[in-house]
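Residue-level structure breakdown
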Amino acid sequence: MGFSLDMVQCGKKPLNAKPLKGFGSGVLELMDDHRGKTYRAVYTVRFEDVVYVLHAFQKKSKKGIATPKQDIDLIKQRLKNAQELYSAIVKK
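All values derive from a computational prediction rather than experimental measurement.

The rules we used
- Residues numbered from 1 in each chain as written.
- Predicted model: local features only at pLDDT ≥ 70, side-chain atom pairs only at ≥ 80, totals over all residues.
- Heavy atoms only, no water.
- Helix = DSSP H or I, 4+ residues; strand = E, 2+ residues; numbered from the N terminus.
- Contact = heavy atoms within 4.5 Å.
- Lys, Arg positive; Asp, Glu negative; His and termini not counted.
- Charge placed at Lys NZ, Arg CZ, Asp CG, Glu CD.
- Core = buried A, V, L, I, M, F, W, Y, C linked by side-chain atoms within 4.5 Å.
- Buried < 20%, exposed > 50% of the residue type's maximum accessible area, 1.4 Å probe, protein only.
- Salt bridge = Lys/Arg side-chain N within 4 Å of Asp/Glu carboxyl O.
- Phe/Tyr/Trp six-rings, centres within 6.5 Å; stacked < 30°, edge-to-face > 60°.

1. Observations concerning the overall build of the protein chain
A tally of helices and strands in the protein chain yields 2 helices and 4 strands. Counting from the amino terminus, the protein chain carries its helices and strands in the arrangement α-β-β-β-β-α. In terms of overall dimensions, the protein chain has a C-alpha envelope of 45 × 25 × 20 Å along the principal axes. Of all intrachain contacts in the protein chain linking residues separated by at least 6 positions in sequence, the fraction that spans at least 24 positions is 33%. Treating the 18 positive side-chain charges of the protein chain as one cloud and the 9 negative ones as another, the clouds have centres 7 Å apart.

Have a look at this one:
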């Protein structure tokens, strides 16, 4: 996961990255398996020269491959917070 995020910071798109459904462009999800468990990290590249990791978690399947609503809600809130933070930085 760390190697993939390093690639993102260097402006590349890792092979294990895919758009997160329902968020439009610029919000992507990394997926990785380790010892039979699946892990995900959601990040955004919507802001120039900045990568924000919005959420990282172990995927515990309850209903197929869908991301649980609780995680989606958290990602939405953190994306909003990232926008506010970025806007405050750019205004300086």
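2. Considering the nonpolar core
Within soluble globular proteins, side chains that are nonpolar tend to cluster in buried spots. Of all hydrophobic cores here, the largest spans 13 residues; its most connected members are Leu20, Phe23, Val27, Val42, Tyr52, Leu54 and Ile75. Elements that contribute at least two residues to this core include exactly strand 4 (52-59) and helix 2 (69-91). Residues Val8, Ala17, Leu28 and Ala41 belong to the second largest nonpolar core, which totals 6 residues.

3. Side note on the pattern of salt bridges
One pass over the structure, following the stated rule, counts 2 salt bridges. Here Arg40 makes a salt bridge to Glu29, at a shortest N to O gap of 3.1 Å. Here Arg40, found in strand 3 (residues 37-44), pairs with Glu29, found in strand 2 (residues 27-34); they are 11 residues apart in sequence, far enough to count as distant. Since its relative accessible area comes to 2%, Glu29 is described here as buried.

4. Some words on the packing of aromatic side chains
One pass over the full model with this rule turns up 2 aromatic pairs. With a centroid separation of 5.6 Å and 80° between ring planes, the pair formed by Phe47 and Tyr52 is classed as edge-to-face. Per residue, the accessibility class of Phe47 equals that of Tyr52, and both read buried. One aromatic cluster is present, formed by Phe47, Tyr52 and Tyr86 through successive ring pairs.

5. Some words on unusual backbone geometry
For Arg35, which is not glycine, the phi dihedral falls at a positive 50°. Assignment of secondary structure puts Arg35 in the loop between strand 2 and strand 3. Judged by its relative accessible area of 76%, Arg35 is exposed. Backbone geometry places Asp49, a non-glycine residue, at a positive phi of 65°. Asp49 gets classed as exposed once you look at its relative accessible area, which sits at 76%.

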